[in-house]
Amino acid sequence: MKRIGMLLLACLCITVLGACGQSTADGGRGQGQRHEAAAAGDMPRRVKITVGTTELFADLEDNVATQAWLQTLPVTLPMQNLYGREMCYRYGAGFLPTDELRSDGYAVGDIAYWPPRGSLVILYKQNGERFERQPMGHIDGDAEAVFSHADTVDVTFSAAD
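None of the values given here were measured: they were computed from a predicted structure.

Rules used in this analysis
- Residues numbered from 1 in each chain as written.
- Predicted model: local features only at pLDDT ≥ 70, side-chain atom pairs only at ≥ 80, totals over all residues.
- Heavy atoms only, no water.
- Helix = DSSP H or I, 4+ residues; strand = E, 2+ residues; numbered from the N terminus.
- Buried < 20%, exposed > 50% of the residue type's maximum accessible area, 1.4 Å probe, protein only.
- Contact = heavy atoms within 4.5 Å.
- Areas by Shrake-Rupley, 256 points an atom, 1.4 Å probe, with all protein chains shown as cover.
- Pairing = 2+ DSSP bridges.
- Axes fitted to C-alpha atoms, helices over the stretch in contact; angles between N-to-C directions.
- Salt bridge = Lys/Arg side-chain N within 4 Å of Asp/Glu carboxyl O.
- Phe/Tyr/Trp six-rings, centres within 6.5 Å; stacked < 30°, edge-to-face > 60°.
- Core = buried A, V, L, I, M, F, W, Y, C linked by side-chain atoms within 4.5 Å.
- Patch = residues over 30% accessible without salt bridge, like charges linked within 9 Å, V, L, I, M, F, W, Y side chains within 5 Å.
- Lys, Arg positive; Asp, Glu negative; His and termini not counted.
- Charge placed at Lys NZ, Arg CZ, Asp CG, Glu CD.
- Polar contact = N/O pair within 3.5 Å; in protein donor to acceptor, adjacent residues only side chain to side chain.

Draft legend 1. Spatial organisation of the overall build of the protein chain. Within the protein chain, the regular secondary structure consists of four helices and eight strands. Counting the 161 residues in the protein chain, one finds 40% classified as buried. Within the protein chain, counting contacts between residues at least 6 apart in sequence, those at least 24 apart form 66% of the total. For the protein chain, the accessible surface area stands at approximately 8,600 Å², while carbon and sulfur atoms represent 52% of it.

And the structure:
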């Protein structure tokens with residue numbers, strides 16, 4: 001039931017965000033652009049990540065995936081340690097919209113969305129792999145120290161004050 005609710009919320013976010021991104025007859029300089037700027041200005045630029053008693057903070061990207069994901073916060077996700085490099089929660093394919101996919105290397109501390117499985121990932125260790133993902137943000141703390149010894153751990157995401 002929770003998954004259906006989250007899916008409905010994601011669909012609503014996609015619909016709303018899609019309407020905000022449409023250009024106006026005056027080349028995008030009219031009310032539509034002001035609406036986008038207001039929405040972007042209202043978007044939290046940082047998120048707090050809580051793991052047990054440890055708090056990390058991340059600076060966020062401004063893109064459609066991050067904007068849609070922020071609508072689900074605050075949320076606690078059971079994140080699984082995968083491949084000795086990332087913490088992962090699989091929402092399911094298509095959970096978030098994407099508009100800025102990249103296929104290059106990543107930095108330790110990156111937060112990304114992997115579209116094929118709808119995975120939110122925190123990359124805590126480098127292995128040199130390159131893969132397609134939607135960047136969402138970057139943790140400015142020591143992600144490796146927090147996650148390298150974890151198996152499956154509850155991770156709470158909330159807007160930073």
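Draft legend 2. A look at the sheet that holds strand β5 (residues 110-114). Ordered in space as β1-β2-β7-β5-β6-β4-β3-β8, the eight strands form a closed barrel in which the pairing is antiparallel. Direction aside, the axes of adjacent strands within the sheet are offset by 30° on average. Inspection of the sheet shows strand β4 (residues 86-90) paired to strand β6 (residues 119-123) by five bridges, in the antiparallel sense. Counted as the bridge partner of C88 is V121 from β6.

Draft legend 3. How the structure looks around the pattern of salt bridges. Counted by the stated rule, this structure contains seven salt bridges. Close ionic contact of E55 with K48 constitutes a salt bridge, the shortest N to O distance being 3.6 Å. Measuring nitrogen to oxygen at the nearest pair gives 2.8 Å for the salt bridge that ties D104 to R133. Within this pair, whereas D104 is found in the loop between β4 and β5, its partner R133 is found in the loop between β6 and β7 (134-139), the two being separated by 29 residues in sequence. A relative accessible area of 2% means that R133 is categorised as buried. Salt bridges here are not isolated pairs; linked through shared partners, they connect R46, D59 and D140.

Draft legend 4. Local environment of the packing of aromatic side chains. Counted by the stated rule, this structure contains five aromatic pairs. When the centroid spacing of 6.5 Å and the interplanar angle of 40° are considered together, the rings of Y124 and F147 count as tilted. Residue Y124 is found in the loop between β6 and β7, and its partner F147 is found in helix α4 (residues 143-147); the two are separated by 23 residues along the sequence. Comparing Y124 with F147 shows no difference in burial state: the two are buried. Here a set of aromatic residues connected by ring pairs shows up, and it is made of Y89, Y91 and F95.

Draft legend 5. Seen up close, the nonpolar core. Among the nonpolar cores identified, the biggest contains 32 residues, and I49, W69, F147 and F157 are the most heavily contacted of them. Residue contributions to this core peak at four residues, all from helix α3 (residues 64-70). Ignoring any residue separated from it by four or fewer positions in sequence, one finds F157 in contact with V47, K48, I49, W69, L73, P74, V75, L77, M79, L120 and I122.

Draft legend 6. Main features of a negative patch on the surface. Residues E61, D62, D99 and E100 make up a contiguous surface patch of negative charge. Considering the arrangement of structural elements, one finds E100 in the loop between β4 and β5.

Draft legend 7. Structural view of the environment of T66. In this structure, T66 sits in helix α3. Here T66 falls in the buried class, since its relative accessible area comes to 0%. Within the structure, T66 has its side chain in polar contact with the backbone oxygen of M136 (distance 3.4 Å).

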